[in-house]
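# Observations on the three-dimensional arrangement
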Amino acid sequence: MTADLYTLTQLQHDITLHPERWRPLVFTNGCFDLIHAGHVRYLQAAKALGRALVVGLNSDLSVQTIKPQKPGHPPRPIVPEAQRAEVLATLKPVDGVVIFPETTAHHLIETLKPDIYVKGGDYTLETLPEAPIVHSYGGKVAFINIEVPSSTSALIQRILNG
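### Some thoughts on the sheet that holds strand 2 (residues 25-30)
Here six strands make up an open sheet; going across it, the order is 1-4-3-2-5-6 and the pairing parallel. The open sheet has two edge strands with one neighbour each: strand 1 (4-6) and strand 6 (140-144). Neighbour-to-neighbour, the strand axes of this sheet turn through a mean angle of 30°, independent of strand direction. Taken together, the five bridges between strand 3 (residues 52-58) and strand 4 (residues 96-100) define a ladder with parallel strand orientation. Paired with Asn 58 across the strands is Phe 100, a residue of strand 4. Running at roughly 115° to strand 1, helix 1 (residues 8-17) makes contact with strand 1, strand 2, strand 3 and strand 4 of the sheet.

See the structure below:
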């Protein structure tokens, strides 16, 4: 079974109609440009925290804003948003994917009110801009240390270095 790709309105509606399927809801977000083992392990750990895992996927335009092109590097994202969403939706831990155009997940979090908001262990409460929103409605923030120290930027660099 694969996850579904939702609009925010569709996802909010489905969660409201079927809370027994979704709650406690775990939410994470990111670019997920080149999926690697670190991503998969992170998503598995996130899903273990609740009943359903929704991934907010940065749109192509928001990735371009978040990750400006470095000299000698290809522009980001490498993989277009529709393909990134398709890959994420096929991963076992993922129950839903929603593409969002903003550079932060503020709007998604305010709308969905996940029970648990998950980010990588490279963040802290002080550096996570969404944390105050999550805490404002009684949600929890969890940090997951990635077991495989991989990053898309590092993969791109390895490819460029040959």
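### Let's talk about the pattern of salt bridges
With the rule as written, the count across this model stands at five salt bridges. Across the pair Asp 14 and Arg 21 runs a salt bridge, and its minimum N-O distance is 2.9 Å. Taking the relative accessible area as the measure of exposure, Asp 14 reaches 16% and is therefore buried. Ionic pairing is found between Arg 23 and Asp 115, a salt bridge with its closest N-O pair at 3.1 Å.

### Observations regarding helix 3 (residues 37-47)
Taken as a whole, helix 3 has its buried residues at Gly 38, His 39, Tyr 42, Leu 43 and Ala 46. Projected onto a plane normal to the axis of helix 3, the buried residues spread over an arc of 130° and lie on a single side.

### Some thoughts on the pairing of strand 4
Strand residues, when the strand is regular, have side chains that alternate between the two faces of the sheet. With four of five residues buried, strand 4 lies mostly within the body of the structure. By the bridge criterion, three bridges tie strand 1 to strand 4 in an arrangement that is parallel. Paired with Leu 5 across the two strands is Val 97, which belongs to strand 4.

### Here we look at the nonpolar core
Judged by nonpolar contacts, the single largest core of 21 residues is most densely connected at Leu 11, Trp 22, Phe 27, Val 54 and Leu 112. When contributions to this core are tallied by element, the ones reaching two or more residues are helix 1, strand 2, strand 3, strand 4, helix 6 (106-112) and helix 7 (131-136). Residues within four places of Trp 22 in sequence aside, it is in contact with Tyr 6, Leu 11, Asp 14, Ile 15, Arg 51, Ala 52, Val 54 and Asp 95. Listed in part, the 19 residues of the second largest apolar core include Val 26, Leu 43, Leu 88 and Ile 144.

### What to know about the pairing of strand 5 (residues 116-120)
Where burial is concerned, most of strand 5 is hidden: five out of the five residues are buried. In terms of strand pairing, strand 2 meets strand 5 through two bridges, oriented parallel. Note on strand 5: the bridge partner recorded for Phe 27 is Tyr 117. In terms of strand pairing, strand 5 meets strand 6 through five bridges, oriented parallel. Residue Ile 116 lies in a different strand from strand 6, and its bridge partner there is Lys 140. Taken together, strand 5, helix 7 and strand 6 form a β-α-β motif whose crossover is right-handed.

### Considering the environment of Thr 124
Counting through the fold element by element, Thr 124 comes out in the loop between strand 5 and helix 7. Between the alpha carbons of Thr 124 and Asn 58 there is a distance of 20 Å; along the sequence they are 66 residues apart.

### Let's talk about a nonpolar patch on the surface
A contiguous nonpolar surface patch, about 240 Å² in accessible area, is contributed by Tyr 123, Leu 125 and Phe 143. Its location among the elements puts Tyr 123 in the loop between strand 5 and helix 7. By relative accessible area, which is 30% here, Tyr 123 ends up partly exposed.

Rules used throughout
- Residues numbered from 1 in each chain as written.
- Predicted model: local features only at pLDDT ≥ 70, side-chain atom pairs only at ≥ 80, totals over all residues.
- Heavy atoms only, no water.
- Pairing = 2+ DSSP bridges.
- Helix = DSSP H or I, 4+ residues; strand = E, 2+ residues; numbered from the N terminus.
- Axes fitted to C-alpha atoms, helices over the stretch in contact; angles between N-to-C directions.
- Contact = heavy atoms within 4.5 Å.
- Salt bridge = Lys/Arg side-chain N within 4 Å of Asp/Glu carboxyl O.
- Buried < 20%, exposed > 50% of the residue type's maximum accessible area, 1.4 Å probe, protein only.
- Arc of directions from axis to C-beta.
- Core = buried A, V, L, I, M, F, W, Y, C linked by side-chain atoms within 4.5 Å.
- Right-handed = clockwise from strand over helix to strand, strands pointing away.
- Patch = residues over 30% accessible without salt bridge, like charges linked within 9 Å, V, L, I, M, F, W, Y side chains within 5 Å.
- Areas by Shrake-Rupley, 256 points an atom, 1.4 Å probe, with all protein chains shown as cover.

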